[in-house]
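# Structure assessment
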Amino acid sequence: MFSVSHLQSSCTKSASPTKFSSLSISFHARRFNLHLPRIHFLSDPRRGGGLRIRNVDAALPNDYKTKLSHLPSSFAKLKVGIIGFGNYGQFLAKTLVRQGHTVLAHSRSNYSQIAANLGVSFFYDPNDLCEEHPEVILLCTSILSTESVLRSLPLQRLKRSTLFVDVLSVKEFPRSLLLQILPPDFDILCTHPMFGPESGKNGWSGLPFVYDKVRIGEHEIRVNRCENFIEVFRREGCRMVQMSCAEHDRHAAGSQFITHMMGRVLEKLKLEDTPINTKGYESLLNLVENTARDSFELFYGLFLYNKNVMEQLERMDLAFEMVKKQLFGHLHGLLRSQLFDGSEMEVRMEEERKLLSDGSQNGHVFASFSDSKNVERN
Ligand code: NAP
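All of these numbers come straight from a predicted model, not from anything done at the bench.

Pairing in this open sheet of eight strands is mixed, and the strands run β5-β4-β3-β6-β7-β8-β9-β10 from one edge to the other. The two strands at the open ends of the sheet, each matched to only one other strand, are β5 (121–122) and β10 (239–242). Direction of pairing for strand β3 (residues 79–83) relative to strand β6 (residues 136–139): parallel, over a ladder of four bridges. When the sheet's bridge partners are listed, Gly81 is paired in β6 with Ile137. Contacting β3, β4 (102–106), β6 and β8 (187–193), helix α4 (residues 87–98) runs over the sheet at an angle of about 170 degrees to β3.

What follows is the structure in structure tokens.
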């Protein structure tokens, strides 16, 4: 912790009392990342030329933090630094700018022209962005690069208390990473806007926004800053879902990953528009459209960084096999009854059907079913 006495002793070492200046104070304040009120040192003739200190900012209603804590949350403007200005960073920036927030961005690639068109200030060097002291750092990096990007950020250049928000499509991973890397004075909000440039192109109304306030300081300013950020999505009409990161990942493995997986599989089939598209087929085409445009890196990140996904992948494999076996099982039975035409056959087919329906509940159907076929072949 930094104290006023620390500041005073630093100042007295570097300057004699009569040479105190607002310059030396602000130098020390910056060095220790302090947010001091502006102080004027006046020579006071009534005290034989001694110093009189006047705090000129304390009562000023224009102070930014005062404004932030008194305005209704829906009106408070934030300074948001986006790290990772690819597909998704740009998508979010458009709404932030439209709502009147100040948006800064940094990315590995040079997006200065795109940023300028969107009304965003682009910084090639993360040091420069951090020295602008955004209230919020919004991590929009790929899941796979997040750790290296986070470790390379000059955190010491940010305000001592900054709100970090991530939008990664997996949640337990960034939660533990942020808790591990960020200094304790930084706040952490893990979010997942569950829509993208395609599904959210006509507005975000009704689309789910999942968030978990992982670590938010108790001070009013910090609470309000977090609420003001969440408000960005509430104002757009998102369906707000407060949920733990672990719970998010459990649900997402069974819904979002399966959606992406099916989209990728269908894309491999190169489905085409036909003159007789059914509603169901249209929704498959939409699924491909919605998922295949996302980077493979994003898809791979969903797979690698959600521990629940492997189980879902195995269930999908099994389900595919089950459905195929059901179809072929019926076909097999039909052919045999045509070939052998007998009541003995009917009885065996009924037994197999029973095995199939019992087994589909306990997962052993395939062993039993193929065993019975092998017996018959022998
Ligand atoms: P992405 O491929 O997941 O991420 C692209 C971003 O990551 C770009 O800003 C890219 O920077 C940066 N990046 C990649 N590798 C990097 C590296 N080695 N070093 C530094 N930066 C690197 O695609 P995205 O769609 O933009 O997604 C960004 C984040 O948003 C992801 O975490 C994703 O899970 C999340 N998200 C996406 C969607 C969606 O619909 N797309 C929805 C919700 C959440 P450069 O462009 O500068 O190379």
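Summarising the element assignment, Pro184 is placed in the loop between α8 (172–181) and β8. A relative accessible area of 67% places Pro184 in the exposed class. On a C-alpha basis, the gap between Pro184 and Arg160 in space is 9.6 Å, while along the polypeptide they are 24 residues apart.

If you look at the biggest cluster of nonpolar residues, it comprises 32 residues, and the most contacted ones within it are Ile82, Leu92, Leu138, Phe229 and Phe233. Counting only elements with at least two residues in this core, the list comes to β3, α4, β4, β6, β7 (163–166), β9 (208–215) and α9 (220–235). In this structure, Cys130, Leu153, Leu178 and Ala253 belong to the second largest nonpolar core, which totals 31 residues.

Attention shifts here to the site of the ligand. In the vicinity of the ligand there are 27 residues, among which Ser107, Tyr111, Thr141, Ser169 and Ser295 approach most closely. Take Gly86: an N or O atom from its main chain is 3.0 Å from an oxygen atom of the ligand. The backbone of Thr141 places a nitrogen or oxygen atom 2.7 Å from an oxygen atom of the ligand. When the ligand is considered free in solution it has 870 Å² of accessible area, and contact with the protein chains removes 87% of it. Of all the secondary-structure elements, those providing two or more residues to the shell around the ligand are α4, β8 and α12 (296–304). Of the residues in the shell around the ligand, the class split is 12 nonpolar, 12 polar and three charged.

Turning our attention to the packing of aromatic side chains. Under the counting rule described, the total for this entry stands at 18 aromatic pairs. Here the aromatic rings of Phe229 and Phe233 are separated by 5.8 Å at their centres, their planes lie at 55 degrees, and the arrangement is tilted. Taken as a pair, Phe229 and Phe233 lie in helix α9 at a separation of four residues, close to a single helical turn. For Phe233, a relative accessible area of 2% puts it in the buried group. For the pair Phe257 and Phe299, a centre-to-centre distance of 5.7 Å together with 5 degrees between the ring planes defines the contact as stacked. Of this pair, Phe257 sits in helix α10 (residues 245–268) while Phe299 sits in helix α12; the two residues are 42 residues apart in sequence, bridging distant segments of the chain. Of the two residues, Phe257 and Phe299, neither departs from the other in class, the shared state being buried. One aromatic cluster in this structure is built from Tyr88, Phe91, Phe195, Trp204, Phe209, Tyr211, Phe229 and Phe233.

Looking at chain direction, β9 and β10 are connected through four bridges and run parallel. Paired with Phe209 across the two strands is Met240, which belongs to β10. What joins β9 to β10 is α9, and the crossover it makes is right-handed.

Procedures and definitions
- Residues numbered from 1 in each chain as written.
- Predicted model: local features only at pLDDT ≥ 70, side-chain atom pairs only at ≥ 80, totals over all residues.
- Heavy atoms only, no water.
- Pairing = 2+ DSSP bridges.
- Helix = DSSP H or I, 4+ residues; strand = E, 2+ residues; numbered from the N terminus.
- Contact = heavy atoms within 4.5 Å.
- Axes fitted to C-alpha atoms, helices over the stretch in contact; angles between N-to-C directions.
- Buried < 20%, exposed > 50% of the residue type's maximum accessible area, 1.4 Å probe, protein only.
- Core = buried A, V, L, I, M, F, W, Y, C linked by side-chain atoms within 4.5 Å.
- Near = heavy atom within 4 Å.
- Polar contact = N/O pair within 3.5 Å; in protein donor to acceptor, adjacent residues only side chain to side chain.
- Areas by Shrake-Rupley, 256 points an atom, 1.4 Å probe, with all protein chains shown as cover.
- Nonpolar A, V, L, I, M, F, W, Y, C, P; charged D, E, K, R; others polar.
- Phe/Tyr/Trp six-rings, centres within 6.5 Å; stacked < 30°, edge-to-face > 60°.
- Right-handed = clockwise from strand over helix to strand, strands pointing away.

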